[in-house]
Amino acid sequence: MFCRNCGKELIGTPEICLGCGAKPVTGSSFCQACGSPTDHLAEICIKCGARLQKAEAVGRAWMPTVAGILSIIAGAIGLFGGIVMATIGGIVGAAEGIFWFGTIGAPLIAIGIVAILGGVFALRKRIWGLALAGAICALPCSWILSIPAIVFLALSKQEFK
Ligand SMILES: [Zn+2]
Ligand SMILES: [Zn+2]
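Residues numbered from 1 in each chain as written. Chains lettered and ligands numbered in written order. Predicted model: local features only at pLDDT ≥ 70, side-chain atom pairs only at ≥ 80, totals over all residues.

**Observations regarding the confidence of the model for the protein**
Part 1 of the reasoning: Predicted confidence across the protein gives a mean pLDDT of 91, with 97% of residues reaching 70 or more.
Part 2 of the reasoning: Looking over the protein, one finds the lowest element-wise mean pLDDT in helix H1 (residues 55–59), namely 59, and the highest in helix H4 (residues 128–137), namely 97. (pLDDT = per-residue confidence, 0-100. Helix = DSSP H or I, 4+ residues; strand = E, 2+ residues; numbered from the N terminus.)

Below, the structure written as structure tokens:
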């Protein structure tokens, strides 16, 4: 590859450029595929047509992991809340003779499970849509945890396989 910062040709994809000392992908001045000068805002190299490597891709690698953890915590809160609601609802329902009362916790248990599953996919950086669905399902469980998870996933779609 070529250093995106100084244009020096590098062997393999080293962490640090031998020419300028920066991370080779953090620059935006040269094409990583052919070494031609590139416009700072360009997405594709006008010389060789390669998709130019984005510096943000490196800075956002942590986002799916954090989003996954947030989704799993929110999902666990929802799951726990749902079980508590179902238990209390079941006891009260049985005492009052309203037997469907125990099922009020069921939707919360269901979205809690989806949020946890979505969180696992986010941690593994697999199937962005499912990870996002999990974070959205976490909303009723804990919006304080869910909203940052949705934002991080929206910003880090390119990290997913
Ligand atoms: Zn360099
Ligand atoms: Zn190029």
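Past the structure itself, the notes keep going.
**Side note on the domain arrangement of the protein**
Often, the extent of an interface is quoted as the loss of accessible area on bringing the components together.
Part 1 of the reasoning: Per the domain assignment, the segments making up the protein are domain 1 (1–59) and domain 2 (63–159).
Part 2 of the reasoning: A C-alpha centroid distance of 40 Å is found between domain 1 and domain 2. (Domains from an automatic or database assignment.)

**A look at the packing of helix H2 (residues 63–96) against helix H3 (residues 106–123)**
Packed helices, taken two at a time, are described by the angle their axes make and the gap between the axes.
Part 1 of the reasoning: Across the interface, H2 lies against H3 with an axial gap of 7 Å and an inter-helix angle of 160 degrees. In terms of axis orientation, H2 runs roughly antiparallel to H3. Handedness of the crossing formed by H2 with H3: left-handed.
Part 2 of the reasoning: Grouping the amino acids of the contact of H2 with H3 by side-chain chemistry returns 20 nonpolar, 10 polar and no charged. (Axes fitted to C-alpha atoms, helices over the stretch in contact; angles between N-to-C directions. Parallel < 35°, antiparallel > 145°, perpendicular 65-115°, else oblique. Left-handed = near helix turned anticlockwise from the far one by under 90°. Nonpolar A, V, L, I, M, F, W, Y, C, P; charged D, E, K, R; others polar.)

**Notes on the packing of H4 against helix H5 (residues 143–155)**
Part 1 of the reasoning: The geometry of H4 relative to H5 is characterised by a closest axis approach of 8 Å and an angle of 160 degrees between their N-to-C directions. The angle between H4 and H5 places the two elements in the roughly antiparallel class. In this structure, H4 meets H5 at a crossing whose hand is left-handed. Contacts between H4 and H5 involve Trp-128, Ala-131, Leu-132, Ala-135 and Ile-136 from the former and Ser-146, Ala-149, Ile-150 and Leu-153 from the latter.
Part 2 of the reasoning: When its residues are assigned to classes, the contact of H4 with H5 shows 8 nonpolar, 1 polar and no charged. (Contact = placed C-beta atoms within 7 Å.)

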